[in-house]
Amino acid sequence: MRHRLSRRKLSRPTAHRTLLLRNLVSDVFRYGSIRTTEAKAKEVKRVTEKIITRAKSGSLHDRRQVLSLITDHKLVKKVFDEMGPRYESRDGGYTRIMKLGNRRGDAAAMAIIELMP
């Protein structure tokens, strides 16, 4: 039974799933948008929104928390110096998911996740 479980397993073991999400979140911050499956995009959105909320406060504790997820120091600096101030007046909804339809090879539902301007 999956009572009150909120995360998707994405058909991967725990370590693989966490590394996958860390890489996808890093790519969202690095490139601004990525193309992936809808299920992965929804999971990436959860993590990305939490990171940007932490970047808005900008405390040392929050920076260390984000560094535990994103290991690239330059990228964390970019998140705290650019993304935090950019979304200072916004209370949420820092990302959006646009559905693209099904992938040709395996008919997986595809989506683009991007940071809001």
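Everything below is about the structure printed above this text.
Residues numbered from 1 in each chain as written. Predicted model: local features only at pLDDT ≥ 70, side-chain atom pairs only at ≥ 80, totals over all residues. Heavy atoms only, no water.

**Student:** Describe the nonpolar core, naming the residues involved and giving the relevant values.
**Tutor:** Core analysis: the biggest nonpolar cluster contains 27 residues, and Phe-29, Ile-51 and Ile-70 have the highest contact counts within it. Breaking this core down by element, the ones donating at least two residues are helix H1 (14-31), helix H2 (38-57), helix H4 (73-86) and strand E3 (109-115). (Core = buried A, V, L, I, M, F, W, Y, C linked by side-chain atoms within 4.5 Å. Buried < 20%, exposed > 50% of the residue type's maximum accessible area, 1.4 Å probe, protein only. Helix = DSSP H or I, 4+ residues; strand = E, 2+ residues; numbered from the N terminus.)

**Student:** Describe the packing of helix H3 (residues 60-69) against H4, with residues and values.
**Tutor:** Running from amino to carboxyl end, H3 crosses H4 at an angle of 135°, the nearest separation of the two axes being 10 Å. Classified by the angle between their axes, H3 and H4 sit oblique to one another. Pair H3 / H4 crosses with right-handed handedness. Contacts from Asp-62, Arg-63, Val-66 and Leu-67 in H3 reach His-73, Val-76, Lys-77, Phe-80 and Asp-81 in H4. (Axes fitted to C-alpha atoms, helices over the stretch in contact; angles between N-to-C directions. Parallel < 35°, antiparallel > 145°, perpendicular 65-115°, else oblique. Left-handed = near helix turned anticlockwise from the far one by under 90°. Contact = heavy atoms within 4.5 Å.)

**Student:** Account for the pairing of E3, with residues named and values stated.
**Tutor:** Extensive coverage of E3 is indicated by the burial of five of its seven residues. Pairing analysis gives seven bridges linking strand E2 (residues 95-102) to E3, with the strands arranged antiparallel. Its bridge partner lying in E3, Met-98 is registered against Ile-112. Connecting E2 to the next strand, E3, in antiparallel fashion are six residues, including Ala-107 with a positive phi near 60°. (Pairing = 2+ DSSP bridges.)

**Student:** Please give an account of the packing of H2 against H4 that cites residues and values.
**Tutor:** Close contact between H2 and H4 brings their axes to 8 Å; oriented N to C, the two are set at 90°. Taken together, the axis directions place H2 and H4 in an arrangement best described as roughly perpendicular. Counted together, Ile-51, Arg-54, Ala-55 and Lys-56 of H2 and Val-79, Phe-80 and Gly-84 of H4 form the full contact between these two elements. Its residues assigned to classes, the contact of H2 with H4 comprises four nonpolar, one polar and two charged. (Nonpolar A, V, L, I, M, F, W, Y, C, P; charged D, E, K, R; others polar.)

**Student:** I'd like a rundown of the packing of aromatic side chains, residues and numbers included.
**Tutor:** Per the counting criterion, the structure on display carries one aromatic pair. Here the aromatic rings of Tyr-87 and Tyr-94 are separated by 5.3 Å at their centres, their planes lie at 55°, and the arrangement is tilted. Here Tyr-94 falls in the buried class, since its relative accessible area comes to 1%. (Phe/Tyr/Trp six-rings, centres within 6.5 Å; stacked < 30°, edge-to-face > 60°.)

**Student:** Tell me what's going on with the sheet that holds E3, and back it up with residues and numbers.
**Tutor:** Reading across from one edge, E1-E3-E2 is the order of the three strands in this open sheet, with antiparallel pairing throughout. Strands with a single pairing partner mark the edges of an open sheet, and in this sheet they are strand E1 (33-37) and E2. Neighbour-to-neighbour, the strand axes of this sheet turn through a mean angle of 25°, independent of strand direction. Sitting on the sheet, H1 is in contact with E1 and E3, with an inclination near 145° to E1. With respect to the sheet, H2 is in contact with E1, E2 and E3, its orientation differing from that of E3 by roughly 15°.

Note that all results are geometric; they support no functional claim without further evidence.
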